[in-house]
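Listed here are the chains, written in short residue letters.
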Amino acid sequence: MSLSRLQTIKPGDLLPVREFKPDNVQLFFYNAALWNAHRIHFDQPYATEVEGYPGLVIAGPLLGDWLNQSVVDWVGEDGVLACIEYSNRKASYIGETLRSGGKVLAIDLDKREVELEVTIKNEADDVIAPGVAIARFHCEPKD
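Residues numbered from 1 in each chain as written. Predicted model: local features only at pLDDT ≥ 70, side-chain atom pairs only at ≥ 80, totals over all residues. Heavy atoms only, no water.

**Here we look at the side chain of Glu113**
Definition in use: Secondary structure elements follow DSSP: runs of H or I no shorter than four residues count as helices, runs of E no shorter than two count as strands, and numbering proceeds from the N terminus. Each polar contact in these results corresponds to two N or O atoms within 3.5 Å; when the atoms are within protein, one needs to be able to donate a hydrogen and the other to accept it, and residues that are neighboring in sequence are counted only if both atoms are side-chain atoms. In what follows, a contact means two residues having at least one pair of non-hydrogen atoms within 4.5 Å.
Tracing the backbone through its elements, the reader meets Glu113 in strand 4 (residues 113–121). For Glu113, the side chain forms a polar contact with the side chain of Arg136, separated by 2.7 Å. Among residues more than four places away in sequence, those in contact with Glu113 are Ala106, Ile107, Asp108, Ile134, Ala135 and Arg136.

So this is what it looks like as structure tokens:
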């Protein structure tokens, strides 16, 4: 990675927007991999009739994984995702199209770090999972 890319990044720069529309199968397998047996993620009658949700609830950790992927894709091979924090603020459901994105908040050239605001938004453009991440850029190789 040349220092030139890091020097071109500025506060307010946007991360690419990614869209997600998980289906029942993806949600089921994701929760199975996590050993998450909460029925709101795979049992439609239970989720709607017992818990009162309008549909199957998309797992919060899946939203976090999408935020991670957004930063990793943005930094590419030039660096790494050093840390990320996020919270789930609003439920989302199968059938909704969700979008991840974010923007650059600050750059520390000495540390080679970029602070990012990251979000998952629903179709109404509500932020349902806000977060902050730090991307750390690699040092330039010496010739």
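Following the structure, the description resumes.
**Here we look at the environment of Ala106**
With respect to the helices and strands, Ala106 occurs in strand 3 (residues 98–108). Distance in space between the C-alpha atoms of Ala106 and Lys10 is 7.3 Å, their sequence separation being 96 residues. With residues near it in sequence (within four places) discarded, Ala106 still touches Glu113, Val114 and Glu115.

**A short note on helix 4 (residues 60–75)**
Here is the rule: A helix is expected to span 1.5 Å multiplied by its residue count minus one. Exposure is judged per residue with a 1.4 Å probe applied to protein chains only, and the accessible area is read against the type maximum: over 50% gives exposed, under 20% gives buried, and values in between give partly exposed.
Its 16 residues give helix 4 an end-to-end C-alpha distance of 23 Å, which sits within 8% of 22 Å, the value for a rise of 1.5 Å per residue. Burial in helix 4 covers these residues: Gly60, Leu62, Leu63, Gly64, Trp66, Leu67, Ser70, Val71, Trp74 and Val75. In the stretch just after helix 4, Gly76 is the one whose phi turns positive, near 60°.

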